[in-house]
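Working through the structure, step by step
Each chain, written out:
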Amino acid sequence: MGTRIAVLRETVAGEARVAATPETVRKLIALGATLLVEGGAGAGAGIPDADYEQAGATLGERSDVLADAEIVLAVQAPDAGMLGGAAPGAWVIAAFDPFRRGEAVAAYAAAGLEALAMDWMPRITRAQSMDILSSQSNLAGYKAVLEAAGAYGRAFPMMMTAAGTIPAARVFVMGVGVAGLQAIATARRLGAQVSATDVRSATREQIQSLGAKPIFVEGVAGIEGEGAGGYAGETSEEYRAAQAELVAGHIARQDVVITTALIPGRPAPRLVTDAQVATMRPGSVIVDLAVEAGGNVEGAMPGEVVQRHGVTIIGHRNMASRLAADASALFARNMYNFLAAFWDKEAGRPVLDAEIGDAIRLTRGGQVVNPRLRS
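What this report covers is the structure whose coordinates are included nearby. (Residues numbered from 1 in each chain as written. Predicted model: local features only at pLDDT ≥ 70, side-chain atom pairs only at ≥ 80, totals over all residues. Heavy atoms only, no water.)

Notes on the layout of surface pockets
By volume, the second largest pocket is sized at about 180 Å³. Taken together, Arg170, Val171, Gln193, Val194, Ser195, Lys213, Ile215, Leu246, Gly249, His250, Arg253 and Gln254 make up the lining of the second largest pocket. Mapped by element, the contributors of at least two residues to the lining of the second largest pocket are strand 9 (170–174), strand 10 (193–197) and helix 8 (237–251). (1 Å grid on protein atoms, 1.4 Å probe; cavity = no way out; pocket = protein on both sides within 12 Å on 5 of 7 lines; lining within 4 Å. Points joined across faces, edges and corners; volume = space filled by probe spheres on them. Helix = DSSP H or I, 4+ residues; strand = E, 2+ residues; numbered from the N terminus.)

Observations regarding empty space enclosed by the protein
Scanning the model with the defined rule gives one cavity of 30 Å³ or more in all. Put simply, the largest cavity is a space of about 40 Å³. Lining the largest cavity are Leu8, Arg9, Glu10, Thr11, Val12, Arg62, Ala74, Gln76 and Pro78. Grouping the amino acids of the lining of the largest cavity by side-chain chemistry returns four nonpolar, two polar and three charged. (Nonpolar A, V, L, I, M, F, W, Y, C, P; charged D, E, K, R; others polar.)

Describing the environment of glycine 141
Here glycine 141 lies in helix 5 (residues 132–151). Along the sequence, glycine 141 and isoleucine 251 sit 110 residues apart, while their C-alpha atoms lie 19 Å from each other.

Section: the pattern of salt bridges
Inspection of the entire model under this criterion finds 18 salt bridges. Linking arginine 126 and aspartate 353 is a salt bridge whose minimum nitrogen-to-oxygen distance equals 2.5 Å. Here the residue arginine 126 occupies a position in the loop between strand 6 (114–117) and helix 5, and aspartate 353 occupies one in the loop between strand 17 (349–350) and helix 11 (354–360), the gap between them amounting to 227 residues. By relative accessible area, arginine 126 is classed as partly exposed at 39%. Judged by relative accessible area, which is 27%, aspartate 353 ranks as partly exposed. Residues arginine 200 and aspartate 198 are paired through a salt bridge, measuring 2.9 Å at the closest nitrogen-oxygen approach. Considered together, arginine 200 and aspartate 198 belong to a single accessibility category, that of buried residues. (Salt bridge = Lys/Arg side-chain N within 4 Å of Asp/Glu carboxyl O. Buried < 20%, exposed > 50% of the residue type's maximum accessible area, 1.4 Å probe, protein only.)

Considerations on the packing of helix 1 (residues 22–31) against helix 10 (residues 324–341)
A pair of packed helices can be characterised by two numbers: the angle between their axes and the separation between those axes. Look at helix 1 against helix 10: their axes get within 9 Å of each other, and the N-to-C directions meet at 10°. In terms of orientation, helix 1 lies roughly parallel with respect to helix 10. From helix 1, Glu23, Thr24, Lys27, Leu28 and Leu31 reach across to helix 10, where they touch Ala332, Arg333, Tyr336, Leu339 and Ala340. Residues belonging to the contact of helix 1 with helix 10 are distributed by class as follows: six nonpolar, one polar and three charged. (Axes fitted to C-alpha atoms, helices over the stretch in contact; angles between N-to-C directions. Parallel < 35°, antiparallel > 145°, perpendicular 65-115°, else oblique. Contact = heavy atoms within 4.5 Å.)

Considering the sheet that holds strand 11 (residues 213–214)
The pairing of strands in a sheet happens through backbone hydrogen bonds and is either parallel or antiparallel. In space, the seven strands of this open sheet follow the order 11-10-9-12-13-15-14, with mixed pairing throughout. Only two strands of the sheet have a single neighbouring strand rather than two, namely strand 11 and strand 14 (305–308). Here strand 9 pairs with strand 10 via five bridges, running parallel. From the neighbouring strand, methionine 174 faces strand 10, where its bridge partner is threonine 197. (Pairing = 2+ DSSP bridges.)

Structural notes on the pairing of strand 12 (residues 256–259)
Here strand 12 shows no split at all, with Val256 and Ile258 on one side and Val257 and Thr259 on the other all buried. The pairing of strand 9 with strand 12 spans four bridges and is parallel. Within strand 12, the residue paired with valine 173 across the bridge is isoleucine 258. Sheet analysis places strand 12 next to strand 13 (residues 285–288), joined by four bridges and oriented parallel. Within strand 13, the position partnered with valine 256 by the bridge is valine 285.

Here's what the structure looks like:
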């Protein structure tokens, strides 16, 4: 019998994704693993239990699936107390959000489990196919534009009709990472007039390559190139003041604003104030993709759609989960690519190297071992 891999049904409210699909189940079995899937795990993504069984997995209740499991796969890491029955030292591979869930990580150490945070995958070339943040952020950026279009009471493209011309919607994207770039591309495909900004000067060419207008502070140094892990870092007080002035003038003329800015280990930077929201015309829409990390927009509420000054502010949690089928397919492939890249045929299980293993390993041997959490 090969390494026992358990695939769990998600328990977090609103989480519809699943960490393995029938496609990746087949591939993992081909590596020599034994796959056990909790009943109903794929329901939110439109995957019936029968499809997992046809792929070669064994279906069961959580206690049966976890019994002696050596590897546990999940989208959002469950509390350690929910993993009773797993083998001592079992790997739990999931998104952990370690900085905000420190107590949960400590509980993993106390339970003797090895927590592997896929959301801390290093952004290096050979790990691109394993990067859940990129695959999920790409879908989140796309869905953010669709949510905005649905809430916006006007058309996105310019339309010339016998009855007159409808002007194109103006869309402003703040933060040009993976989500922001996809938001730009999607808004452009819908026919909007798009502009974008970022503190990283290197993104100017990326914005222009997608046909959008870059909005940058001139004469004050921002961040050259990428910050740690591809994210932006902190900026100077002078730059923040100049950017706020620039944005204030630009945002008043926008119909839709989408914010995506995150800084690892810190609250999301405040990009849009309540006063700036008030300058937008009634019926405008803002989508805050950073709402779960504190929000880029003053007044945005996690999990809620609110009205402020006649402007709709969308604060959906877990935007990628609103495209659960595609998000699961990509997440599951990230998981498979990770396991397959390190699969040792002789050991019959994956064996991690130091570069990636040390980056994503949070706990081992009853201790929290990741230096980012011990500093």
